[in-house]
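As a plain string of letters, each chain reads:
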Amino acid sequence: MTTDVANVTHVLKSNYQNYGKAGEFKCRLQGLLGDGIFNSDGQQWFAHRKTSAHLFKLSAFKTTVLNIFNHDLGIVLGVLQGHAQKNSTFDLQALMHKFTLESISQIAFGVELGCITHERVEFADDFDFCTASINDSFTSPF
């Protein structure tokens, strides 16, 4: 872990080709991630990084990303207020998972899934199944 800008620049810009995915990692994640930014190396990864870099510029963050998070947090607050009014218990981790998936789907794909307010969302269930299956392939390969 580092907070040194020079180290981050070394890994993500100047020497990114030295920090690739292991063959087994890439192979196991292929079905879910394909050849996207999280499962690619070298020039392919660099091209993905350049394409998505606009999302992380300060101007884009101040507009698109911040607006999405603020909107989705407003929905989360409504859910929390509903539970408070009913004095009911709920799974905070599950709510934060829904918030994260909802926000990222809007930022990355421009799609609102409705995760936060719906009990079940098919895409979220499928995504969770896929990630659990991939995790299991690392811990119990047989």
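I will try to describe carefully the structure that is included in this document. All residue numbers refer to positions counted from 1 along the written sequence of the respective chain. Given that this is a predicted model, residues contribute local features only at a pLDDT of at least 70 and side-chain atom pairs are listed and counted only at 80 or more, while totals for whole chains, interfaces and linings are drawn from all residues. With hydrogens and water stripped out, all remaining heavy atoms of the structure feed into the side-chain values.

### Re the overall build of the protein
The number of helices and strands found in the protein is 6 helices and 0 strands. Helix numbers and strand numbers start at the N terminus; a helix is a DSSP run of H or I with at least 4 residues, a strand a run of E with at least 2. The secondary structure elements of the protein, listed N-terminal to C-terminal, are α-α-α-α-α-α. By its C-alpha atoms, the protein is 55 × 45 × 30 Å across when sized along the principal axes. Considering the protein as a whole, with its 142 residues, one finds that 19% of them fall into the buried category. In the protein, the share of contacts with a sequence separation of at least 24, taken over all contacts with a separation of at least 6, comes to 37%. For accessible areas, the Shrake-Rupley method is used with a probe of radius 1.4 Å. Any residue's cover is judged against the shown protein chains and nothing else. Here the protein displays about 10100 Å² of accessible surface, and carbon together with sulfur accounts for 61% of that area. Across the protein, the centroid of the 11 positively charged side chains sits 11 Å from that of the 14 negatively charged ones. Only protein chains enter the calculation, and the probe is 1.4 Å; a residue is then buried if its accessible area is under 20% of its type maximum, exposed if over 50%, and partly exposed in between. Contacts are residue-level and defined by heavy atoms, with any inter-residue pair within 4.5 Å sufficient. Positive charges come from Lys and Arg alone, negative charges from Asp and Glu alone, with His and the N- and C-terminal ends not counted. In this description, the location of a charge corresponds to atom NZ of lysine, CZ of arginine, CG of aspartate or CD of glutamate.

### A look at a nonpolar patch on the surface
A cluster of nonpolar side chains, namely Val8, Val11, Leu12 and Tyr19, defines an oily patch on the protein surface of about 300 Å² accessible area. With respect to the helices and strands, Leu12 occurs in helix H1 (residues 5-14). When its relative accessible area of 36% is taken as the criterion, Leu12 is described as partly exposed. For patch building, the residue pool is restricted to those with more than 30% relative accessible area and no salt bridge; the joining distance is 9 Å between like charges and 5 Å between nonpolar side chains (Val, Leu, Ile, Met, Phe, Trp, Tyr). Put simply, a salt bridge is a Lys or Arg side-chain nitrogen that is within 4 Å of an Asp or Glu carboxyl oxygen.

### Here's the deal with unusual backbone geometry
Within the chain, Asn87 stands out as a residue other than glycine whose phi angle is a positive 55 degrees. With respect to the element layout, Asn87 can be found in the loop between helix H4 (58-86) and helix H5 (92-109). Note on Asn87: relative accessible area 71%, which makes it exposed.

### A closer look at the side chain of Asp72
With respect to the helices and strands, Asp72 occurs in helix H4. Although Asp72 is buried, it forms no salt bridge, and the closest oppositely charged side chain is Lys98 at an N-O distance of 13 Å. In this structure Asp72 touches Phe99, Glu102, Ser103, Gln106 and Ile116, once residues within four positions along its chain are discounted.

On their own, these measurements won't tell you what the molecule is for.
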